[in-house]
Amino acid sequence: MRIGTLKTSYAADEALFDTRLQKLLILLACAAAVLFPFVASPYWLFLACLCAINVASATGLNILTGYTGLVSLGQAAFMSVGAYTVAVLEIHAGTPFLLNLLVGGLLTALVGIGVGIPSLRVKGLYLAIATIAASVVLHFVFAHWPLTGGMQGLSMPPARLFGMALDQPFQLYWLILPVTGLMVLGAANLFRTRVGRAFIAIRDRDISAEVLGIPLLRYKLMSFAVSSFYAGLAGGLWAYFFRVVTPESFPLVNSIFYLAAIIVGGMGTILGGILGAVFMTMVPELLKFVAGLVTPFYPDALALLAPVRTIVFGSLIVGFLIFEPHGLAEIWRRIRRFFHLWPFRT
Amino acid sequence: MTEAARDVILDVEGVSLAFGGVRALTDVSFSVRRGSITAVIGPNGAGKTSLFNTISGFYRPRSGNIAFDGRSLAGTAPPERARLGLARTFQNIALFRGMTVLDNIKLGRHAHMRTGLLDALVYRGRARREELELRAEIEERIIDFLEIQHIRNAPVATLPYGLRKRVELARALAMRPRLLMLDEPVAGMNREETEDMARFILDVKEEWDVTILMVEHDMGMVMDISDHVVVLNFGQVIAEGGPAAVQADPAVVAAYLGAGDLGRRLSGPEAA
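Counting starts from 1 at the beginning of each chain's written sequence and moves along it residue by residue. Whichever chain is written first is A, and whichever ligand is written first is 1; the rest continue in order. Reporting in this predicted model follows two pLDDT cut-offs: at least 70 for local features of residues, and 80 or more for side-chain atom pairs to be given and counted; totals over whole chains, interfaces and linings ignore these cut-offs and use all residues.

**Student:** Explain the pairing of strand 9 (residues 228-233) of chain B to me, please; I cannot follow it from the model alone.
**Tutor:** Side-chain positions along a regular strand alternate between the two faces of the sheet. All names here are of chain B. Whether a residue is buried, exposed or partly exposed is read from the other C-beta atoms within 10 Å of its own C-beta, which are placed from the backbone; 20 or more gives buried, 12 or fewer gives exposed, and intermediate counts give partly exposed. Counting from the N terminus, the helices are DSSP H or I runs at least four residues long and the strands are E runs at least two residues long. Strand 9 sits mainly inside the fold: five of its six residues count as buried. Two strands make a pair as long as DSSP finds a minimum of two bridges between them. Relative to strand 9, strand 3 (residues 37-41) runs parallel, the two being bridged by four bridges. Looking at strand 9, one finds that A39 is bridged to V229. Where strand 9 lies against strand 10 (residues 236-241), five bridges are found, and the strand directions are antiparallel. Directly across from L232, in strand 10, lies its bridge partner V237. Hairpin geometry of strand 9 and strand 10 is characterised by an intervening segment of two residues between the two adjacent antiparallel strands and by a positive phi of about 45° at F234.

Shown next, in the form of structure tokens:
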């Protein structure tokens, strides 16, 4: 049982990780992340990269939807802006990949601000519809603009670092994981400051936010900008990972996937974005594993995978909304509390 | 500026407000003296909260002018008014339910902080320094002062009503206000909570050098702590002056007797 957290400075009380066990766990996780590529098979590395890209994007959506309360169904479309920007720059300009990613993120942030302008007047469902409309427009642009290669899309060369091509999951892992790590850290920091608090204030009660001196439009647009910057970076990483970007790479279903990820993980918590994205990325793998197990008894199991996957996704969302509306992050908090209080119970 | 004008922190002059055909405020004029506690009273529907919302900048008056510290507030948006030093609490508590008490209070300082988006993402330099300074000041000046140490990390949603009112006051104080507007600070409180709140309001005035403008129905408290009372009825000022003078004003008694119970409390022994 923890009998008290005695701190001697405000800095210690404001720290991101406040217990020694927490710091230890984070160190262990970092060590595991560094060692992972040396022991894992390429397939597991592929999954790890995919998880990281989804974590980056889900964290971005969490800033906008979970923390600021602005529902968006445009996350996948924002990712496509980042992905296309990176692909075009890589093909035509050949600039360094970090610069391309940054430009992709910034350009997406601009698009996000544009899409966010109606958010001062429309909220909830109506805003969600407006973001869907923006997705459709972006899809149309990418499918018809010669620069983006029409329906065939773009095939791009791999990222290069000191003449070495980053084209295998093993190499890309060292690009994708650190970038995602920094993005998540940035988001966590954001909510320790006035900017993040202003976002939450807008979500919880926007009239009194104004009385406290928070200009609503500016902060809503800022939230859109940060969120789409994250989507753009995630899209850029995605482009370097798959190296083919087509208008069908980022369908509306993917936007719903990210929304589902933050619902399942826990809206308005950093941990929720991470857990939700990893969980939702791994569910299809789990299903494949189960299908493999039952194939000897039921040979058609693999053929049923696709429809079963959709059903499982749907029931997960409904189940979490009903039984665990605060998501996986809340389950994690309960486990922590249990050990803090042990041997007593709440 | 004349001597008398410099003494006035808020000057409401000829303010009229209408919603469609309903006239909420008609030619309302009064002024709030620096360092005073001014109470606005009146029967239900008299336009007290409309008046507050007009001063806050939510409603634009159809005519008239509101000047804060000698500067007209016309065309000033609510966030800008917060920066000028105008703070308020709400009748039905407008705290952020998902946040802790500490975060709610920190939000009060928003307008006076300068951390930008990029500083915030890295949490180094200015962002960190500002946050830690803010934390220290809130702990040492506000949380101690309002005696809410034990709930600083509690989510607002778990707190009882009386404490929430106190947290809302704490948040308003974090705004470094020069004029603090309290909309029914003791509504729904029992005698003990009311006395606590009255003590806090008096202490705020004395120790923080803040002028207070409040709407309140609790006549006992209004008469005890205010320096100046403005009486509204049907959107018009029907009387103003010291508590005793207002209490004796026949127009006020008539307005309240017409409204029922409050009239008896105002003219009865309890108020004296």
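Having seen the model, we can carry on.
**Student:** Help me understand the sheet that holds strand 3 of chain B, please; the structure alone is not making it clear to me.
**Tutor:** Within a sheet, neighbouring strands are paired by backbone hydrogen bonds and run either parallel or antiparallel to one another. Residues and elements named next belong to chain B. One open sheet holds the six strands; their spatial order is 6-7-8-3-9-10, and the pairing between them is mixed. Bordering the open sheet on either side are strand 6 (86-88) and strand 10, each of which pairs with just one other strand. Across this sheet, the average inter-strand angle for adjacent strands is 20°, counted without regard to direction. In this description, any two residues whose backbone-derived C-beta atoms lie within 7 Å of each other are considered to be in contact. To get an axis, a line is fitted to the C-alpha atoms, and for a helix only the part in contact is used. The angle between two axes follows their N-to-C directions and goes from 0 to 180 degrees. Packing against the sheet, helix 2 (residues 48-56) makes contact with strand 3, strand 6, strand 7 (179-183), strand 8 (211-215) and strand 9, and its axis sits at approximately 145° to strand 7.

**Student:** I tried to follow the interface of chain A and chain B on my own but got confused; where do I start?
**Tutor:** When the parts of a complex come together, some accessible area is lost, and that lost area is often taken as the interface size. Contact residues are listed per partner, giving 28 residues for chain A and 32 residues for chain B. Elements represented by at least two residues in the side of chain A that touches chain B include exactly helix 1 (10-13), helix 7 (169-190), helix 8 (194-204), helix 9 (206-211) and helix 10 (216-242) of chain A. Residue contributions to the side of chain A that touches chain B peak at eight residues, all from helix 8 of chain A. In the side of chain A that touches chain B, the residues fall into 14 nonpolar, seven polar and seven charged. Gly is put with the polar residues, along with every residue not named as nonpolar or charged; the nonpolar set is Ala, Val, Leu, Ile, Met, Phe, Trp, Tyr, Cys and Pro, and the charged set is Asp, Glu, Lys and Arg.

**Student:** When you look at helix 14 (residues 327-341) of chain A in this model, what are you seeing that I'm missing?
**Tutor:** Because the α-helix completes a turn every 3.6 residues, residues three or four places apart line up on one side. In this scheme, a helix's expected span is set at 1.5 Å multiplied by one less than its residue total. Relative to the 21 Å expected for 15 residues at 1.5 Å per residue, helix 14 of chain A spans 22 Å between its end C-alpha atoms, a close match to the ideal helical length. The inward-facing, buried residues of helix 14 of chain A abut helix 11 (252-265), helix 12 (270-294) and helix 13 (305-323) of chain A.

**Student:** Sorry if this is basic, but what is going on with the sheet that holds strand 1 (residues 8-19) of chain B here?
**Tutor:** All names here are of chain B. With respect to topology, four strands assemble into an open sheet ordered 2-1-4-5, the strand pairing being antiparallel. Of all strands in the sheet, those with a lone pairing partner are strand 2 (22-33) and strand 5 (71-72), marking the two edges. Along the sheet, helix 2 makes contact with strand 1, strand 2 and strand 4 (63-68), crossing strand 2 at roughly 65°.

**Student:** Honestly, the pairing of strand 2 of chain B in this entry has me stumped. Any pointers?
**Tutor:** All names here are of chain B. By the bridge criterion, eight bridges tie strand 1 to strand 2 in an arrangement that is antiparallel. Paired with L10 across the strands is V32, a residue of strand 2. Here strand 1 folds back onto strand 2 in antiparallel fashion, the turn holding two residues, of which G20 has a positive phi close to 60°.

**Student:** Would you explain the confidence of the model for chain B in this entry?
**Tutor:** In low-pLDDT regions, the fine details of the predicted coordinates are not to be read closely. pLDDT measures how confident the predictor is about each residue, on a scale from 0 to 100. Residues with a pLDDT of 70 or more make up 92% of chain B, whose mean pLDDT is 89. For this predicted complex, the interface score ipTM comes out at 0.86, alongside a pTM of 0.89.

**Student:** What's the story with the packing of helix 4 (residues 75-93) of chain A against helix 10 of chain A in this structure? I'm lost.
**Tutor:** Angle between the axes and distance between the axes: these two values describe a pair of packed helices. Residue and element names in this part refer to chain A. Two elements in contact, helix 4 and helix 10, have axes separated by 6 Å at closest approach and are oriented at 55°. By the angle class used here, helix 4 and helix 10 are oblique. In the packing of helix 4 onto helix 10, the handedness of the crossing is right-handed. Where helix 4 approaches helix 10, its residues Q75, F78, M79, S80, V81, G82, A83, V86 and A87 are matched on the opposing element by S228, A231, G232, L233, A234, G235, G236, W238, A239 and Y240. Taken together, the residues of the contact of helix 4 with helix 10 break down into twelve nonpolar, seven polar and no charged. Comment on the angle field: the value is read as roughly parallel under 35 degrees, roughly antiparallel over 145, roughly perpendicular from 65 to 115, and oblique elsewhere. Note on convention: the crossing is left-handed when the near helix lies turned anticlockwise from the far helix by less than a right angle, right-handed when the turn is clockwise.

**Student:** So what exactly am I meant to see when it comes to the environment of V245 of chain A here?
**Tutor:** Residues and elements named next belong to chain A. In this fold, V245 is placed in strand 4 (residues 244-245). When the C-alpha positions of V245 and L154 are compared, they lie 5.2 Å apart, and in sequence the two are 91 residues distant. Other than its neighbours up to four places away in sequence, V245 contacts A83, Y84, A87, G153, L154 and A239.

**Student:** Sorry if this is basic, but what is going on with the environment of A77 of chain A here?
**Tutor:** Residue and element names in this part refer to chain A. Mapped onto the elements of the fold, A77 is located in helix 4. When the C-alpha atoms of A77 and G60 are compared, they prove to be 13 Å apart, with 17 residues separating the residues in sequence. Excluding residues within four positions of it along the chain, A77 makes contact with A134, S135, L138, H139, F250 and S255.

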